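# Understanding the architecture of this molecule
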Amino acid sequence: MTPDAEREREQRRLAQETKNERHMWWWLAYFLFGIHIVAFVMIYAVLHAPK
């Protein structure tokens, strides 16, 4: 394999890795946001439950 082709392959791999990492952070952000929504709903339900 020529050095240019090898460099291009490495650049593609790095670009894909960066894209995957960005997707992972977005997934984590949505997941944590969702957990907080669920927690707030549960807190609301407990505080407003009939005694």
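For the structure itself, consult the block above.
Described in the following lines is the structure provided in the data block. Treat the numbers as computed from the prediction; the structure is a model and nothing was measured.

## Observations regarding the overall build of the protein chain
- Secondary structure summary: the protein chain contains one helix and zero strands in total.
- Radius of gyration (C-alpha) of the protein chain: 22 Å, far over the 10 Å computed for a compact globule of 51 residues.
- With the principal axes as the frame, the protein chain shows a C-alpha extent of 75 × 10 × 5 Å.
- Scored against the burial criterion, the 51 residues of the protein chain give a buried share of 0%.
- Carbon and sulfur atoms make up 68% of the accessible area of the protein chain, which totals about 5200 Å².

## Topic: the pattern of salt bridges
- Taken as a whole and judged by the stated rule, the model has four salt bridges.
- With a shortest N-O distance of 3.4 Å, Asp4 and Arg7 are connected by a salt bridge. Taken together, the positions of Asp4 and Arg7, both in helix H1 (residues 3-47) and three residues apart, correspond to about one turn of that helix.
- Residue classification places Asp4 among the exposed positions, given a relative accessible area of 55%.
- Judged by its relative accessible area of 51%, Arg7 falls in the exposed class.
- As a salt-bridge pair, Arg13 and Glu10 come within 2.8 Å of each other at their nearest N and O atoms. Residue Arg13 and its partner Glu10 are located together in helix H1, separated by three residues, close to a single helical turn.

## So, the environment of Pro50
- Along the chain, Pro50 falls in the segment after H1.
- Judged by relative accessible area, which is 79%, Pro50 ranks as exposed.
- Sequence-wise, Pro50 and Ala39 are eleven residues apart; in three dimensions their C-alpha atoms are separated by 19 Å.

## Brief notes about the environment of Ala49
- Mapped onto the fold, Ala49 is located in the segment after H1.
- Ala49 gets classed as partly exposed once you look at its relative accessible area, which sits at 37%.
- Separated by 42 residues in the primary sequence, Ala49 and Arg7 place their C-alpha atoms 63 Å from one another.

Definitions and cut-offs
Residues numbered from 1 in each chain as written. Predicted model: local features only at pLDDT ≥ 70, side-chain atom pairs only at ≥ 80, totals over all residues. Heavy atoms only, no water. Helix = DSSP H or I, 4+ residues; strand = E, 2+ residues; numbered from the N terminus. Rg over C-alpha atoms; globule rule 2.2 N^0.38 Å. Buried < 20%, exposed > 50% of the residue type's maximum accessible area, 1.4 Å probe, protein only. Areas by Shrake-Rupley, 256 points an atom, 1.4 Å probe, with all protein chains shown as cover. Salt bridge = Lys/Arg side-chain N within 4 Å of Asp/Glu carboxyl O.

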